[in-house]
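Chain by chain, the residues run as shown.
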Amino acid sequence: MWWAVLAASVVVLATKVAGHLVPRALLERPRVVRTAALVTAALLAALVAVQTATGGGALALDARLAALAVAAVALLLRAPFVLVVLLAAATAALLRWLGLP
Amino acid sequence: MPARSSAADPDPAVRSAVRTALSVSVATGLYGVSFGALSVAAGLDVPQTMALSLLMFSGGSQFAAVGVVGAGGGIGAVVATAGLLGARNGLYGVQVAPLLGASGWRRLLAAHLTIDESTAVATAQPTPAATRAGFWWTGAGVFVLWNAFSLLGALLGDALGDPRRYGLDAAAGAAFLALLWPRLSGDDRRATRTVRVVAVAAAALALALTPVVPAGVPVLAAAALAVVVGALDGGGAGAGRGPGGGAGAGGGDDDAAPVVTP
């Protein structure tokens, strides 16, 4: 696990340093910038899906889905990040306490 | 130099930048608690969690790294996912480096502090002095508070035990949704629609692939999908195809704008 932690950290840090060192023209192309924004959104969306509806290499529907719905409503109401996360956790904890998977 | 500028600085623009920096730092630092708790819930120990907050220091990449670890992904998937999510920091560096004019070790420090929040505060300031103050105060403030609250969250998560009982596994999905949310709206309607379509397609692709490929790969496939769409998609605000034209550069600047989480 340490290798994954350190290797991933080095890659992210190296990217930051590269941004400060490489010539501006190399990275500031509209297509590069646009693609980077799309990659960020795609990764986050895929992580939402995987974290919410999969488990042990299979699709899994449980209390997490209801928790995500509550989080979406909280975001629509412009709740701050910490509150969104807390509400989702509380929803899942409550549903499991009531006996849901 | 940042040390000269403070809340007591006579320049009102600098004072305002420092105030903004401090409030952004507190808001961002606080959700370090959720990162710390999720990280230990995913199976990392407290030192590993702190290594991510200290060395990686990029919220989205850190959440992604522990998310992939929690899903059972291998080292390659962890590195690739965190690295791809951190790619935008490189673009921020391109923007802020000329504004800061730092050199030597300060340049290295500035690079490490180049994240969504410091870039957003810096680029929103009206004067060069306020830009530098905004960048350094936000970067340093978030760094200190993010790490302090990561540690608190990791210790709390360790003490809580079974993460499922407290819904911590559900909190991970909510955290990613909160990071994604502000990216789904914007001034450029065409670009925003593309982002939304790609986000939905990415989620669907990841779910469809989960039963058939190793853990971690579905998320990377979603990134590959975005790269293909980005390569094929004709243009942004200008609707023209002129590569590197004046209008195109303007639209590009808009798209590179950092998105601060709510």
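Being a predicted model, the structure only gives us computed values, none of them experimental.

For chain A, mean pLDDT is 93; residues scoring 70 or higher make up 100% of the total. Helix α4 (residues 63–76) of chain A holds the highest mean pLDDT among the elements of chain A, 97, whereas helix α2 (residues 24–27) of chain A holds the lowest, 75.

Turning next to a nonpolar patch on the surface. Judged by side-chain polarity, A:Trp2, A:Leu6, B:Leu54 and B:Leu55 come together as a nonpolar surface patch covering roughly 330 Å² of accessible area. Counting only elements with at least two residues in the nonpolar patch, the list comes to α1 (2–21) of chain A together with α3 (46–56) of chain B. Within the fold, A:Leu6 resides in helix α1. A relative accessible area of 35% means that A:Leu6 is categorised as partly exposed.

We now examine the packing of aromatic side chains. Where two aromatic rings form a pair, the distance of their centres and the angle of their planes describe that pair. The full count for this structure, using the stated rule, is 9 aromatic pairs over all chains. Here B:Tyr31 and B:Trp146 contribute two aromatic rings whose centre-to-centre distance is 5.4 Å and whose plane-to-plane angle is 80°, an arrangement assigned as edge-to-face. You can see B:Tyr31 sitting in the loop between α1 (12–30) and α2 (32–41) and its partner B:Trp146 sitting in helix α9 (residues 128–160), a full 115 residues away along the chain. The exposure classification of B:Tyr31 matches that of B:Trp146, with both residues buried. Among the aromatic residues, ring-to-ring pairing joins A:Phe81, B:Tyr31, B:Phe35, B:Phe63, B:Trp146 and B:Phe176 into one connected group.

What follows covers the pattern of salt bridges. Tallied over the full model, the rule gives 6 salt bridges over all chains. A salt bridge links A:Arg96 to B:Asp169, with the nearest nitrogen and oxygen atoms 2.9 Å apart. One end of the pair, A:Arg96, is in helix α5 (residues 81–97); the other, B:Asp169, is in helix α10 (residues 168–180), on a second chain. Taking relative accessible area as the criterion, A:Arg96 reaches 13% and is therefore assigned buried. B:Asp169 sits in the buried class, given a relative accessible area of 18%. Measuring nitrogen to oxygen at the nearest pair gives 3.8 Å for the salt bridge that ties B:Asp116 to B:Arg183. Residue B:Asp116 is found in helix α8 (residues 116–123), and its partner B:Arg183 is found in the loop between α10 and α11 (189–209); the two are separated by 67 residues along the sequence. B:Arg183 carries the same exposure label as B:Asp116, and that label is buried. A single network of salt bridges, built from pairs that share partners, joins A:Arg96, B:Arg164 and B:Asp169.

In this structure, A:Phe81, A:Val84, B:Phe63, B:Phe135 and B:Phe176 are the most contacted members of the largest nonpolar core, which totals 81 residues. For this core, the two domains that each supply at least three residues are domain 1 (24–60) and domain 2 (61–101) of chain A. Once residues lying within four places of it in the same chain are set aside, the contact partners of B:Phe176 are A:Leu44, A:Leu47, A:Val48, A:Gln51, B:Phe63 and B:Ala64. Counting 6 residues, the second-largest nonpolar core is a separate cluster that includes B:Ala13, B:Val14, B:Val18 and B:Ala133.

Residues and elements named next belong to chain B. If you walk through the whole model with that rule in mind, you get 3 cavities of 30 Å³ or more. By volume, the largest cavity is sized at about 100 Å³. What lines the largest cavity is a set of 13 residues, among which Tyr-31, Ser-58, Gly-59, Ile-115 and Glu-117 lie closest to the centre. Across the lining of the largest cavity, the residue classes tally to 6 nonpolar, 4 polar and 3 charged.

The rules behind each value
Residues numbered from 1 in each chain as written. Chains lettered and ligands numbered in written order. Predicted model: local features only at pLDDT ≥ 70, side-chain atom pairs only at ≥ 80, totals over all residues. Heavy atoms only, no water. pLDDT = per-residue confidence, 0-100. Helix = DSSP H or I, 4+ residues; strand = E, 2+ residues; numbered from the N terminus. Patch = residues over 30% accessible without salt bridge, like charges linked within 9 Å, V, L, I, M, F, W, Y side chains within 5 Å. Areas by Shrake-Rupley, 256 points an atom, 1.4 Å probe, with all protein chains shown as cover. Salt bridge = Lys/Arg side-chain N within 4 Å of Asp/Glu carboxyl O. Buried < 20%, exposed > 50% of the residue type's maximum accessible area, 1.4 Å probe, protein only. Phe/Tyr/Trp six-rings, centres within 6.5 Å; stacked < 30°, edge-to-face > 60°. Core = buried A, V, L, I, M, F, W, Y, C linked by side-chain atoms within 4.5 Å. Domains from an automatic or database assignment. Contact = heavy atoms within 4.5 Å. 1 Å grid on protein atoms, 1.4 Å probe; cavity = no way out; pocket = protein on both sides within 12 Å on 5 of 7 lines; lining within 4 Å. Points joined across faces, edges and corners; volume = space filled by probe spheres on them. Nonpolar A, V, L, I, M, F, W, Y, C, P; charged D, E, K, R; others polar.

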